[in-house]
Structures are given as structure tokens and as C-alpha cells.
Amino acid sequence: MVGVRYEGGIVSRKHARRNGRRRDALRRRQQGDVLTGTIHVSRPGVATVETAEGVFAVGRGGIREAMSGDEVQVSLSSRRGRERLAYVQGVARRATATFLGTFRRAEPLGVVVPLDARIRRDFFVLPTDDSAHALDVADGDVVAGRILEYPTRKSAGVVTIERRVGSPVELDMGIEAVVASYGLVVELASAALEQAEKIAPNVAETLALDPGRRDLRQSCVITVDPSDARDFDDAIGARRRADGYELEVHIADVTNYVSWASPIDEEARRRTCSAYLVDRVIPMLPERLCDDVCSLKPQEDRLCMSVIVRLDRRGEVLGAEVLRTAVRSKARLDYAAADRLLAGEAAPDDLPCDSRWRRPVAESLAVLDELASLRRERRARRGSIDFVTREAKVILDAAGHPKGVSVRERTRATSLVEEAMLLANESVAKLISDAGLPCAYRVHERPSPEELEATIPVLRELGLVRGSQDRAVIAGDPRAIRAVLEAARGTTGEVLANSVLLRAQKRAVYLPHNDGHYALAAPAYCHFTSPIRRYPDIIVHRALKLLLARGEAGRPGGERVALGCVQRETERILPQLCRTCSERERAADAAAHASQRVKMAELYAARVGEDFSGVVVGVERYGLFVMIEESRAEGLLPTRSLGSERFIYDESLMALTGEESGACWRPGRRIAVRVASVDVMQGQIDFALAGDASASGTPRRGRLH
């Protein structure tokens, strides 16, 4: 009889399962009704369960033997006046069959420790299983384990090794752990790859067969992207008119090549978005489409879905039109090159394009910059909220090792692209919403009064709200919140004001109906501009094509019927699809940030003992979160490192105060710290106060190059 634990003998699985079922049945009878749902583990110990009656947070310790994606039975706590929490009572259906882990020998067993931090159990390889020997697996190797027996509350799980992935020397273990922990699938389905290899742009043929597709290949449009961008899914251009401006936004026509329920579509729907990690892109679509067929490369004909927007001299929209088009980008500029041109530090003759297009490209860029300024002003007047953000990106060498940090800030070039995309998205969302068509809208709800009220003590202490102004902030008046952020700009309270107000915001999600976008003050909003990397944009493109087909009298009836069938099939699963897209977007974003933290920790592993200038960006009872100013690397300065006195934590003011000294630590306070220790695998940096003799290493003044 095969056992589940090894403690000098074998324990019967049969008896363990029988006893477990009896205890579970008793517990369910004691706790009342049991709901069935899907558990989603976001990070170790933190999960939600999605049921027919709603989504419930899982209570502390309530995940038990469940793994993310499992169909579980849960009981709900019933504490009066408090949020109902879910507790797993049993697993009805497992979602995980294999996982990556590190192999260790613990004779006579083998042990596989999951790289996915959300799986908090180790798995055994039984003495009778020779898979490790057969695959020549050594201690420390990463392997793919196939689960034979799932863990229970009383016993470990059992796996057999399917393949050896590599050794710690061959793999970047920190990044591999991130990929596993956020459920990212690296390899695309073979059927999708095979289908993609047969696809060609076929622009001339499509123009010949589709009289409704507009040929705009002579229009002066350009791509403006980061210097390391590989896929170019948008091209823009602008010109002055007698009554104002005309803006062109052209987006790769992905749905021309990706039909509903095709292998590529099924794979994209499963992934829902691309993940941009520090060292790689895990794409939603095969590279054949991302980097070639759908990429708006300079001097290449490409099919697009385009939005042509007419605006008056003040930047107010006069009208917008959506078209199926063919375009040819005249130049590929990165942000730095565009900024140099706008600042007068470069001349049109320096542009990397055909000489006859250099002056038109420079003129178009100048108009786009002018239009962006007008649009920012208009958004500000209607109540759009802009939080201060600076993005740090670790720069890697050819071997994948960190060599420095690039801090991206908003510039004229990034702003003109952003404003063009925002306007295109709003225009498309209005068109679809006015037609009453269900679609994947991008919705940002107004923050709750309770969350905003919690910001008032901090904002009052900073002198940013006075008199009745606090009532407007609590009510969620976007103009009042924007006024607070403007008042804080450039002051010592800027970090803290941005921090507390950003924490009060709800996260934008995808919904099958239009509820507007609070932060943008937009009555309707959707994502239309990145179908190469987001599935909601593909949904929007298909809805647009249906609307266009309805309005084209000469369009074949069979095509309208086919588009209508796709729309109905999409609408049937749209609520679940929107939830999945929102969840996978959060996972991809979290994985991207986690991968940056891993490489940032690796960068600072060589700087233990060095001192840096930092600023406090967060305060908790257990310590301060400090950001090194020059690199934006973040780490923890534990409360115990602040001194031997007792510290009082004030959650409402986000402050730690020394009981004896009165020293107060809050976000925004500048501080000199020493790198005390680094955990690269976890992406963690720990600080001590600069000059602390107990900190690791010899004090040195740090500087990143």
C-alpha cells in the first residue's frame, strides 16, 4: 500500500482520506451551507473565491490544501457587522497538474519545492520512483513535476519528475520563480504557432477585395515608442486645419488575421495580455504577428483600424470617424529622439527616414505636441486626475545581469503619444456605447467616501485641505482631488499626498457595460489601441467592425451575419471574459514589478554596506519603506533599526513616532540609509540607518553608474 508521509514507515492513504472526509463532513454540518467556487491565490496566504453569490476574500489560514484555480467548496464566516470571509472546506476539482520546482534529495525520498510561492507545500518523490535518476537530475536542479497525489491537511503531496528544466547556473532562478508564482505560461500552443507561420500581411490583396478599406499609405504617420520596443501597434499623425486640427491614430488590424475561435484566438483568450518582464516579453500572440505581420514597421504596408478625429482650435472634439485602412509608417522614432526634435536640439534632417518625409514628419510631431498640450488642459478642466509617477527600469547586459537603472518620466514625447491614445480610446468607446453594444469597457469607479475620508487627517496636517474643501474630497469631486495634488506638487508633502490619495482609488477593470472612467473624467472609455498585447482591444475591434458593416450598404450580407455571430458568441461569455482579463492584467503587472525587484535586488547585492540618499514612501508598524532617490529602488528599514525606544504607529497619519525622542517618520521624509542585506530570489532589499555600526559591510558612499 502506498503512503502519503514518510517518517520511518508508510501511512495508509486510504485511512487518511477516510478520516479527512469525516472531519470535513462534520465541519460542514457545524458551519452551515457550503458554496462552490473558484479560488484565486494572488500571493502567499492571500486569496479570493469567486462563487455564484459573489466574490469573497479568504480568511487567514483559510486556503488550506487548495491551489490557485481549483474549484473549491467554502464556508462563509457570519460575524455580525463584518465582511464575510471564506474558508476552504474541500477541493472539488484540481486546476494544477504540473509545476516547476527545485529538486532536493532527502534520502530515501526526493523533495520538490515549488517555485510558485503561492504553493506553500513541498512535494515528495517516492523511493520507488526513479524519474530523478533516469533524467539525471542533481540537487538544486529545476524540474517539472507532475502531481500524483495532492497534499492534504495532514500529508504532503507526491509528484513524479517529467523533465529536467536546468540548473541554477543555467537559469535565472529569481525570474523563473516570478514566472511560476504569477501563473505565466511561457510557451504558446503549437497549433497557434503553426497557424501564425502561414499568415502574411497581404495588404494589396485585402485592399483589392475590400472596397470599404481606405488606402492611407501616403498619409504622414509615424511610430513613437521606447527605444527597446519590438512591436509597434500604433502610428500617429496630425495636421492643422482651417478650423483647428485633424488627428490620425492607426492601430494594427489584428482581427483581420485572428478570427474567432481560431487556435491563435483561443490562445490569446487564455492569456488575455502580454507580460513585460525585466528580461523578456511573454507575448499574448505569436511573434510572427507581434513582430512582423501586425507591427507597423517603417516603410512597410500594414492593415489598420484607424480613428480620424477633428478638433477645434481649443482642442475640443468636433467629430470622430473609425475606418478600416492600410497605412505605411514614414518613420520610427524613440522618445529620446522625438524629445530632442521638439526641444530644438535636433533638426529635421537628423530624422531616420526618407529625406522627402523629414520635414513633414517634423511638422506632424510639432502639431501632435501642440495638440497634446491642449488636450491636457481640457482634461484638467473636466476633472481628470493625474498622479505623479516615475517608472524605474533595470538595464541588463547581454548576459541578463543588471548594469544600471533607467528612470522614465513623462516628457513631451511620451505625453503626445498618451494624449493621442486617450482620445482614440474615448472616441471608440463613445461610438460603441452610443450604439448600445455590450463590449469590454474600461471602467474606473469613483472611490468610496470611507476611503477618501481616511486621507483627510494626512491632507489637513500637510495644509492641503482647508474649511469645506475636505467635504469635496470625501465626496470624490475629481477637481478637488486634482487641486490637492497640484497644491502638493514640488513640496515635501508631495509623496505623501500622492500616496494616500492613490491608495484610496479603486482599480480600473474591464466590464461588459459602460460605467465611465472616474480618473479620466470620461463618460465612456475602452482599450482599443493595443490589440497586439491585450485581448479586450481585440473584443473592441470586432465590435467596431460589426458597427461599420451595419453602416456600409454595399457590404456583403454574409459578412455582416458572420460578424453578428461572433458578437453574440462574445457577448455570451463577456462577463467572465472581462473578469479573466482584469485578473490576468493584475497578474501580469504584478509579475512585471516583481521581476524588476528581483533584478534591482541583484544590482544592490554588490552594494551591501554602501550609503544612499532615500525618501520614505510608506510606513507600517514593522518599519519604513524607503526608496533610493537616484534609482527608485525600494527596501524595508525595520522599526528595530530606528533605535531602541518604543515607537507608536498612527495608521490614520501614516506615521511612526518615537515615544521618548518624538522623532516622527512619515512618507516624504528624506533619510540616509545603508544597504544592510539583499535577498535576490525574493527581490528584497533591507536597509539600516546610514552610519549604523551594526549594519553589514564597511560604510561607503553609493553611486549607481
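All chains use their own residue numbering, which begins from 1 and follows the written sequence. Totals for whole chains, interfaces and linings use every residue, but because this is a predicted model, local features are given only for residues with pLDDT of at least 70 and side-chain atom pairs only at 80 or more, for both listing and counting. Excluded from the side-chain calculations are hydrogens and water; all other atoms, namely the structure's heavy atoms, are used.

Looking at an unreviewed UniProt entry, one finds the protein named Ribonuclease R and attributed to Olsenella uli. According to the UniProt record, the Function (unreviewed entry) comment for the protein reads "3'-5' exoribonuclease that releases 5'-nucleoside monophosphates and is involved in maturation of structured RNAs." UniProt positions are given in the numbering used here, feature names are shortened, and annotations may be inferred rather than shown by experiment. For the record of the protein, the UniProt heading Sequence similarities (unreviewed entry) holds the text "Belongs to the RNR ribonuclease family. RNase R subfamily."

Visitor: Teacher, can you tell me more about the nonpolar core here?
Guide: In a soluble, globular protein the nonpolar side chains are often hidden away together inside. The nonpolar core is taken to be a set of buried Ala, Val, Leu, Ile, Met, Phe, Trp, Tyr and Cys residues, with the residues joined through side-chain atoms within 4.5 Å. Partly exposed residues are those whose accessible area sits between 20% and 50% of the maximum for their type, while under 20% is buried and over 50% is exposed, using a 1.4 Å probe and protein chains only. Counting 91 residues, the largest nonpolar core has Ile-236, Leu-247, Leu-365, Val-428, Ile-432, Phe-528 and Tyr-535 as the members making the most contacts within it. Runs of H or I in DSSP of at least four residues are treated as helices and runs of E of at least two as strands, each being numbered from the N terminus. It is helix 10 (residues 412-434) that contributes the most residues to this core, ten residues altogether. Setting aside its immediate chain neighbours within four residues, Leu-247 contacts Gly-237, Ala-238, Val-307, Ile-308, Val-309, Leu-311, Leu-368, Leu-371, Ala-420 and Leu-423. Judged by nonpolar contacts, the second largest core, of 40 residues, contains Ala-275, Ala-591, Tyr-649 and Leu-656. Any two residues having at least one pair of non-hydrogen atoms within 4.5 Å are treated as being in contact.

Visitor: Just checking my understanding: could you explain the domain arrangement of the protein for this structure?
Guide: Note: interface size is frequently given as the accessible area lost on complex formation between the parts. By convention here, the domain bounds are inherited from an automatic or database domain assignment. Considered domain by domain, the protein is made up of domain 1 (34-93), domain 2 (99-171), domain 3 (191-442 + 513-595), domain 4 (446-505) and domain 5 (607-689). The C-alpha-based centres of domain 4 and domain 5 are spaced at 24 Å. Note on definitions: buried area is the accessible-area loss of two parts on being combined, 1.4 Å probe, summed for both. Surface buried jointly by domain 4 and domain 5 totals about 820 Å² across both partners, of which 60% is contributed by carbon and sulfur atoms. Considering only the side of domain 4, the residues that lose the most area to domain 5 are Glu-461, Val-495 and Leu-496, jointly responsible for 48% of the buried surface there.

Visitor: Explanation requested: the sheet that holds strand 29 (residues 647-650) in the structure shown.
Guide: The rule for pairing is simple: two strands pair if DSSP sees at least two bridges between them. Overall, antiparallel pairing links the three strands, which are arranged 29-30-31 in an open sheet. Single-partner strands in this sheet number two, and they are strand 29 and strand 31 (664-665). With four bridges joining them, strand 29 and strand 30 (residues 655-658) adopt antiparallel strand pairing. Within the sheet, the bridge partner assigned to Phe-647 lies in strand 30 and is Gly-658.

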